[in-house]
Amino acid sequence: MMFNQSLVRVRAGTRSDRGGNTVPDWTTATRLTVDRMNIQPSVQQEAHDETRTSKITGWHVQSDEGTAPDIRADDRIEWDGMTLEIVGEVARYLDFLHASTHHIEFVMRRKTG
């Protein structure tokens, strides 16, 4: 595989709401460029109803061997001019010989409509 792509991980800051609960605050988000990634298309769906047509497009993302980027399921990803959401959890594959992370994988998607 080729691991010559990069993306930007966007992580929300936090704030307290009126009830004193800690909630995400995207206005104070931090950004981190992550290199050595492989991003490939994986899903394209289109749904029609009488009011709109929605499209869901997805990509499978894998980091290079020996990397463990700090990416979580609640992060957003900026890539190719889009802001994308992570679907499900970020999988961390172990390198059993070295007791460390071999690589990570996740799915991201864009919804329109």
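Residues numbered from 1 in each chain as written. Predicted model: local features only at pLDDT ≥ 70, side-chain atom pairs only at ≥ 80, totals over all residues. Heavy atoms only, no water.

S.K.: Explain the packing of aromatic side chains here, please?
M.R.: Here the distance between the centres and the angle between the planes together describe a pair of aromatic rings. Counted under the stated rule, the structure contains 1 aromatic pair. Between W59 and W79 the ring centres are 5.5 Å apart and the planes differ by 70°, which places this aromatic pair in the edge-to-face class. Placement of W59 in strand β3 (residues 53-63) and of W79 in strand β4 (residues 76-79) is noted, with a sequence separation of 20 residues between them. The burial state of W59 is the same as that of W79; both residues are buried. In this structure, R76 is placed above the aromatic ring of W26, and the distance from its NZ or CZ to the ring centre is 3.8 Å. (Phe/Tyr/Trp six-rings, centres within 6.5 Å; stacked < 30°, edge-to-face > 60°. Helix = DSSP H or I, 4+ residues; strand = E, 2+ residues; numbered from the N terminus. Buried < 20%, exposed > 50% of the residue type's maximum accessible area, 1.4 Å probe, protein only. Lys NZ or Arg CZ within 6 Å of the ring centre and 35° of its normal.)

S.K.: Would you explain the environment of L84 in this entry?
M.R.: Secondary-structure assignment places L84 in strand β5 (residues 82-95). In this structure, the C-alpha to C-alpha distance between L84 and V107, residues 23 residues apart in sequence, is 9.9 Å. Residues contacting L84, with those up to four places away along its chain left out, are W59, R76, I77, W79, M108, R109 and R110. (Contact = heavy atoms within 4.5 Å.)

S.K.: Explanation requested: unusual backbone geometry in the structure shown.
M.R.: Peptide bonds are, in most cases, trans, and in most cases residues other than glycine have a negative phi. The phi dihedral of R36 is positive, around 60°, even though this residue is not glycine. Tracing the sequence through the fold places R36 in strand β2 (residues 22-48). At D80, a residue that is not glycine, the phi angle is positive and equals roughly 55°. On the secondary structure map, D80 appears in the loop between β4 and β5.

S.K.: Hey, could you run me through the nonpolar core in this one?
M.R.: Side chains of a nonpolar character, in soluble globular proteins, are inclined to be buried together. Counting 16 residues, the largest nonpolar core has L7, I71, I77, W79, F106 and M108 as the members making the most contacts within it. Mapped by element, the contributors of at least two residues to this core are β2, β3, β4, β5 and β6 (100-112). For this core, the element with the most residues is β5, which contributes 4 residues. (Core = buried A, V, L, I, M, F, W, Y, C linked by side-chain atoms within 4.5 Å.)

S.K.: Just to check I follow, could you spell out the pattern of salt bridges for this structure?
M.R.: Working definition: two side chains of opposite charge can pair if their charged atoms are close together. Under the definition given, this model contains 7 salt bridges. For D70, the salt bridge identified is with R9, shortest N-O distance 3.4 Å. Linking D70 in the loop between β3 and β4 with R9 in strand β1 (residues 5-16), this pair joins segments that are 61 residues apart in sequence. Under the relative-accessibility criterion, R9 is labelled buried at 7%. Put simply, R9, R11, D70 and D75 are held in one network by salt bridges that share partners. (Salt bridge = Lys/Arg side-chain N within 4 Å of Asp/Glu carboxyl O.)

S.K.: What is the right way to read the confidence of the model for the protein chain from this model?
M.R.: Should the pLDDT be low somewhere, the predicted coordinates at that spot are not to be read in detail. In this model, the protein chain carries a mean pLDDT of 90, and residues with pLDDT of at least 70 account for 87%. By mean pLDDT, β3 is the weakest element of the protein chain at 84, and β1 is the strongest at 97. (pLDDT = per-residue confidence, 0-100.)

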